[in-house]
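Each chain, written out:
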Amino acid sequence: MTLFVNDKPCEAPASPTLTATLDQLQLLHLRGIAVAVNDVVVPRPDWPAHELRAHDRITIIRATQGG
């Protein structure tokens with residue numbers, strides 16, 4: 001199944017959850033990230049239950065310091 005992570009195609013197993021996909025991308029344990037699926041922010045507590053579908057667009061944003 002193809003997903004798009006920050007506009008880049010990514011292969012994932014059929015019917016993955018958001019948690020499984022972030023784990024596959026080695027991003028699950030990063031702090032300071034926000035995730036949106038199809039332009040809707042998914043709160044971190046909802047990641048394990050959020051099922052993804054083919055061609056979903058996942059946007060990952062990481063907070064940085066600076067000004």
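Residues numbered from 1 in each chain as written. Predicted model: local features only at pLDDT ≥ 70, side-chain atom pairs only at ≥ 80, totals over all residues. Heavy atoms only, no water.

Within an unreviewed UniProt entry, the label attached to the chain reads Sulfur carrier protein ThiS, and the organism entered is Hymenobacter metallicola.

Observations regarding the nonpolar core
The line we're drawing: For our purposes a nonpolar core is just a set of buried Ala, Val, Leu, Ile, Met, Phe, Trp, Tyr and Cys residues, chained together by side-chain atoms within 4.5 Å. For the exposure calls, accessible area comes from a 1.4 Å probe over protein chains only, and a residue counts as buried if that area is under 20% of its type's maximum, exposed if over 50%, partly exposed in between. Secondary structure follows DSSP: runs of H or I at least 4 residues long count as helices, runs of E at least 2 residues long count as strands, and numbering of each begins at the N terminus. Here a residue-residue contact requires only that any non-hydrogen atoms of the pair lie within 4.5 Å.
Counting residues in each nonpolar core, the largest one holds 15 residues, and the members touching the most others are L18, L22, V35, W47, I58 and I60. Those elements that place two or more of their residues in this core are β1 (2-5), α1 (18-24), β3 (33-37) and β5 (57-62). For this core, the element with the most residues is β3, which contributes three residues. Look past the residues within four positions of L22 in its chain and what remains in contact with it is L27, L28, V35, W47 and I60.

Considering the pairing of β1
Going by this rule: A pair of strands is treated as paired once DSSP finds two or more bridges between them.
Residues of β1 alternate between two faces, with L3 and V5 buried on one and T2 and F4 left unburied on the opposite face. As paired elements, β1 and strand β2 (residues 8-11) share four bridges and run antiparallel to each other. Within the sheet, the bridge partner assigned to L3 lies in β2 and is C10. Hairpin remark: β1 followed by β2, antiparallel, with two residues in the connecting loop; positive phi at N6, about 50 degrees. Bridge count between β1 and β5: two bridges; the pairing is parallel. Of the residues in β5, the one forming a bridge with F4 is R57.

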